[in-house]
Structure formats: C-alpha cells, structure tokens
Amino acid sequence: MSNSSKDIDYVLRTVEERDVRFVRLWFTDVLGNLKSFAISPEDLEEAFEEGIGFDGSSVNGFSSVVESDMLAFPDASTFQFLPWRPSANAVTRIFCDICTPDRQPFEGDPRHCLMRVFRLASDRGFVPNVGPELEYFYSDSSKTPVPLDDAGYFDLAPTNSSRNLRRDTVLSLERLSIPVEYSFHAMGPSQQGISLRYAEAVSAADNIMTTRFAVKQIAQNNGFYASFMPKPIPGRPGSGMFLQESLFDGEGENVFWGAEGGHHLSDVACHYIAGLVRYAPEYMLLTNPTVNSYKRLVPDGEAPTFATWGRRNRNALVRIPMHKPGKHQSTRVELRVPDPSANPYHAIAATVMAGLKGIEEGLPLPPEYTSDLGTSELELESAGFERLPRDLGEAIEAFRSSELMREVLGDHTFEFLVEEKSREWLSYNSTVTDWEVRSYYGGY
C-alpha cells in the first residue's frame, strides 16, 4: 500500500510534537501471530523511504535462512498511539507491509495477500467491506480456564466482574480509532463479544489484529487472562469470529441490495453467497486453523456443520441478517464458521475470493436451509447439503486439493500451511491427554 506524502507528514509532525519515544512496527506471520519491533522516532522517516531490514528466517513461514533479508515498510495511514502506555515517552504503533530486498511485495506477507484480493475485487468494480464480531473468554488463570463469572447472554449483574474489563477495552479501541458497534456478555461463563463497525477489508483485518492484542493487554493489566481459543471449556459455548461481508461499487452503493424477493438480495449477492457455500470446505483451514477449532463446530452448538445458508438461521454457514426498511446500505451476509484463532488477513482474503468466484462463475443460490428440513445430520444429508470438515485432518485434505486457495495464497504460503498443519494434526493424534491438546493447540 503506497503512502501519501500527506499521511507521512502528519505522522512525522505528530511524533515530533507529542513526545513519542518508541514507534512499534507491527506485522503478522503466516499463522496470524502479531510480530513487532521498535524503532526510534529519528529512524521513522528513513523507514518510510527505505524500509527497515530484519531477519525473515526467524518469522514463522516467511523465508529460509539463505533468503532471510526482509524489509518492513510502515503504512502511515495505520499510525496510532497505544492508549495503555503513558503519554510521556509515548509509544505508537504502525502496521507494515513486508517486502523483499528489491522492494517487491513479499508473497508470504498475509497483509499483502489480502491486498491482492482487494485489488482483484476493485478491478471488477467492487469494494469489499467486512464487519467482524469476535467472541472470547476471560479467565483468572493462564494455565486452566477459570471463568470470572457465571453470567449468560446479555446478562447485566453486579457480580459480572468482566464488565469493567470490557468497558476499558472498548474505550481503548475507540482511542485507537476502531469504532465499536456494541459489546456484550456472550452465552458462556465469562465469555464476551465485541462487534466492530464495518471497514474496507484490509482495515477490518488490521482492526481484528489490534482488537485481539488490546483485549489481552487490558486483561493482563488488570491481573486476568483473555483467550481467543475457539472452545476452551468443554460442554460450554465456543467462540466465533463472525464476518459480515458486503460489496460496494465505486459510487459507494451497496451492490448486495435487491428490491425484489423476500430476502432483498441482488443477483450479485446470491452468486456471492453461492461461492461462500460452494468453497467452504476448501477455505476452512484458513477460517478454522486449529485442532480446537473443530470442537466448536458440532451439532446443536449454534455453529455450522453443513454448507448451508439461511435467513436469521444461526446454525447456517451463511446467515442473512433481517432487512430493515430504509437501510439498504446495510445489506450484508454473515459468515458464521470462522473463529478468532484464524489469521484475519487469510480468512478474509479466502472468503472474499470465494464470493468473487461465485460471481465470476454465476453460481446459482442453493436451496435455503430452513427448520422444516430438520436438524439432524441424516436429515441435512438427505436434503442434499454438504457436510463441512469435522476435524483439522479433513480440512487439510480439502485445502490441499484447492486450486482456488493456492491462487489466493500463492505457492509459498500454500505449501507452508499444508506442511505446518499436517505436522500439527499428526502431533495431535499422537498426544495422550486432552489437556495437552487444548493448552498447546488452542493457545489458552
């Protein structure tokens, strides 16, 4: 992403005027882990012009030792102060684009992957927008799940000790220029939900990365622990990362809106949904990348187990939120399969690409999943719906044979993920205790 001279001038002037001591350069490895190193304000102008070199061989999935040199180029539009740091000797953060020594975008950079898909959509006249909703758990321990409360969905109670943590997190996100639509206590004990206002796809992924870090930082500052593990507590609800996706045209109009029909969806929207449904098994290694992810995707868990779509149906893969008269700009589809352990750049890139492929191929909208079709696996299979991968092993196999996902990621990242996830799956199957699996593979 090219920097404008206006953005660079603003950043350099602000750093000088606001007593900034550290500028943290943020980027993401292939598995979605946030990486960072700090530079002094005096080196920032050079960073914009020439990049800052680092050892890419030490970053998971980036490059080999013999091709280790990488450059981090700050994206001036993402400059923000970290609100949990003091204003004196302030600390700021800025997302970076990763390039090779000859200043070419590095294929393995997840942010670049999403930018490529964004540009592809733009070339077709579309602007992808994404509104994420993340669920997560607070715990009193980093070793084993110890919930802070036993409250339920939307509960407001004096004993809800996680309410203040959520409040501080929302205030921090707003100071980071990340608008929060609403926050709430979710269904599980000490489980929370934060819904972010929609943004263009790359900004939405940046916002997810920032939100995950902010949630964990605020919890740690108060002596608690936050986990984005999809299913940390057996027998309790799991955590999703629901992606509300839509396409706008160059004039700022929502092309998903359709005046005809009961669901108010355009032909473009119907083809997009068909793509999300058709290619779901292939992209699920990116939206649901851990062993623990598939412990959430079980029948009767308010999570999809079949490739379906439906209006207001929270067990469907793709849910169509209720249309509000006069609010056609908010027409969107909600993808309910992703979980918050995913690399958001890859998850959004893959799902937007699946939707675009549905448009390109003119895929027809499959039959809607309604309650009269039944809820059991046998009934859904009899209705012709495809079963989604039931574990990481099945997801790897569907991904491995996907030419579309190879196109999205490029050969380097595609091959790395197949190898890395196959190793995880093999290790899981040789692990004796469930707790070892949950703690290691879920990152609790």
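**Side note on the overall build of the chain**
Link 1 in the chain: Scanning the chain from terminus to terminus reveals 14 helices and 15 strands.
Link 2 in the chain: Over its C-alpha atoms the chain spans a radius of gyration of 22 Å, differing by no more than 12% from the 22 Å that the globule rule assigns to 444 residues.
Link 3 in the chain: Judged by the C-alpha coordinates and their principal axes, the chain covers about 65 × 50 × 50 Å.
Link 4 in the chain: Put simply, the chain has 444 residues, and 57% of those count as buried.
Link 5 in the chain: Contacts spanning at least 24 positions in sequence make up 69% of the contacts within the chain whose residues lie at least 6 apart.
Link 6 in the chain: Working note: accessible area of the chain is about 19000 Å², and carbon and sulfur atoms make up 48% of it.
Link 7 in the chain: Side chains of the chain carry 42 positive and 63 negative charges; the gap between the two charge centres is 6 Å.

**Focus: unusual backbone geometry**
Link 1 in the chain: At Arg103, a position not held by glycine, the phi torsion is positive, near 70°.
Link 2 in the chain: Its location among the elements puts Arg103 in the loop between strand E6 (90-99) and helix H3 (110-123).
Link 3 in the chain: The backbone of Ser177 shows a phi angle near 65°, a positive value even though the residue is not glycine.
Link 4 in the chain: Note that Ser177 resides in the loop between helix H4 (162-175) and strand E8 (180-185).

**Re the pattern of salt bridges**
Link 1 in the chain: Within this structure, the stated rule accounts for 20 salt bridges.
Link 2 in the chain: One salt bridge connects Asp168 with Arg167, and the closest N-O pair in it is separated by 3.1 Å.
Link 3 in the chain: Of the charged contacts in the structure, one is a salt bridge between Arg336 and Glu334, with a shortest N-O distance of 2.9 Å. Across the pair, Glu334 and Arg336 agree in class, each one buried.
Link 4 in the chain: The network of salt bridges with shared partners includes Asp75, Asp97, Arg111 and Asp206.

**Looking at helix H5 (residues 201-221)**
Link 1 in the chain: In a regular helix each residue adds 1.5 Å, so 21 residues correspond to 30 Å; H5 covers 30 Å between its end C-alpha atoms and thus fits that length.
Link 2 in the chain: Of all 21 residues that make up H5, 16 are buried, and the element is covered over most of its length.
Link 3 in the chain: Positive phi appears at Gly223, one or two residues downstream of H5, with a value of about 85°.

**Notes on the packing of helix H7 (residues 280-287) against helix H9 (residues 344-361)**
Link 1 in the chain: Remark: H7 packs on H9, axes separated minimally by 8 Å, with the N-to-C direction vectors making an angle of 165°. The orientation of H7 relative to H9 falls into the category roughly antiparallel. Viewed along their axes, H7 and H9 form a crossing whose handedness is left-handed. Contacts between H7 and H9 involve Tyr283, Leu286 and Thr287 from the first element and His346, Ala347, Ala350, Thr351 and Ala354 from the second.
Link 2 in the chain: Looking at the contact of H7 with H9 residue by residue, the class counts come to five nonpolar, three polar and no charged.

**Points about the confidence of the model for the chain**
Link 1 in the chain: Mean pLDDT over the chain works out to 89, with 91% of the residues at or above the 70 mark.
Link 2 in the chain: Low pLDDT, under 50, characterises residues 432-444; the stretch is placed with 35 contacts to residues that sit more than four places away or in other chains.

**Some thoughts on empty space enclosed by the protein**
Link 1 in the chain: Under the definition given, this model contains two cavities of 30 Å³ or more.
Link 2 in the chain: Of the pockets and cavities examined, the largest cavity occupies roughly 90 Å³.
Link 3 in the chain: Lining of the largest cavity is provided by Val30, Leu31, Leu285, Leu286, Pro289, Ala342, Asn343, His346, Leu417 and Lys421.
Link 4 in the chain: At the level of secondary structure, the elements contributing two or more residues to the lining of the largest cavity comprise H7 and helix H13 (411-429).
Link 5 in the chain: The residue inventory of the lining of the largest cavity, partitioned by class, reads seven nonpolar, two polar and one charged.
Link 6 in the chain: There is about 40 Å³ of room inside the second largest cavity.

**Focus: the state of the cysteines**
Link 1 in the chain: Under the definition given, this model contains zero disulfides.
Link 2 in the chain: Between Cys99, a cysteine without a disulfide, and Cys96, which holds the nearest cysteine sulfur, the sulfur-to-sulfur distance is 9.9 Å.

**Examining the nonpolar core**
Link 1 in the chain: Core analysis: the largest hydrophobic core is formed by 122 residues, its most contacted members being Tyr283, Leu317, Val318, Ile348, Phe399 and Met405.
Link 2 in the chain: Every residue in contact with Tyr283, bar those within four places of it in the chain, is listed here: Leu276, Leu317, Leu335, Val337, Ala350, Thr351, Ala354 and Met405.
Link 3 in the chain: Among the nonpolar cores identified, the runner-up in size contains five residues, and Phe306, Ala316, Leu380 and Phe385 belong to it.

**Remarks on the side chain of Ser172**
Link 1 in the chain: The topology assignment puts Ser172 in helix H4.
Link 2 in the chain: Ignoring sequence-local partners within four residues, the contact set of Ser172 consists of Pro83, Trp84 and Ile218.

**Describing the side chain of Arg336**
Link 1 in the chain: Tracing the backbone shows Arg336 in the loop between strand E15 (333-335) and H9.
Link 2 in the chain: Among residues more than four places away in sequence, those in contact with Arg336 are Phe242, Arg296, Glu302, Pro304, Asn313, Arg314, Ala316, Leu317 and Arg319.

Thresholds, definitions, all that
- Residues numbered from 1 in each chain as written.
- Predicted model: local features only at pLDDT ≥ 70, side-chain atom pairs only at ≥ 80, totals over all residues.
- Heavy atoms only, no water.
- Helix = DSSP H or I, 4+ residues; strand = E, 2+ residues; numbered from the N terminus.
- Rg over C-alpha atoms; globule rule 2.2 N^0.38 Å.
- Buried < 20%, exposed > 50% of the residue type's maximum accessible area, 1.4 Å probe, protein only.
- Contact = heavy atoms within 4.5 Å.
- Areas by Shrake-Rupley, 256 points an atom, 1.4 Å probe, with all protein chains shown as cover.
- Lys, Arg positive; Asp, Glu negative; His and termini not counted.
- Charge placed at Lys NZ, Arg CZ, Asp CG, Glu CD.
- Salt bridge = Lys/Arg side-chain N within 4 Å of Asp/Glu carboxyl O.
- Expected span 1.5 Å × (residues − 1).
- Axes fitted to C-alpha atoms, helices over the stretch in contact; angles between N-to-C directions.
- Parallel < 35°, antiparallel > 145°, perpendicular 65-115°, else oblique.
- Left-handed = near helix turned anticlockwise from the far one by under 90°.
- Nonpolar A, V, L, I, M, F, W, Y, C, P; charged D, E, K, R; others polar.
- pLDDT = per-residue confidence, 0-100.
- 1 Å grid on protein atoms, 1.4 Å probe; cavity = no way out; pocket = protein on both sides within 12 Å on 5 of 7 lines; lining within 4 Å.
- Points joined across faces, edges and corners; volume = space filled by probe spheres on them.
- Disulfide = S-S within 2.5 Å.
- Core = buried A, V, L, I, M, F, W, Y, C linked by side-chain atoms within 4.5 Å.

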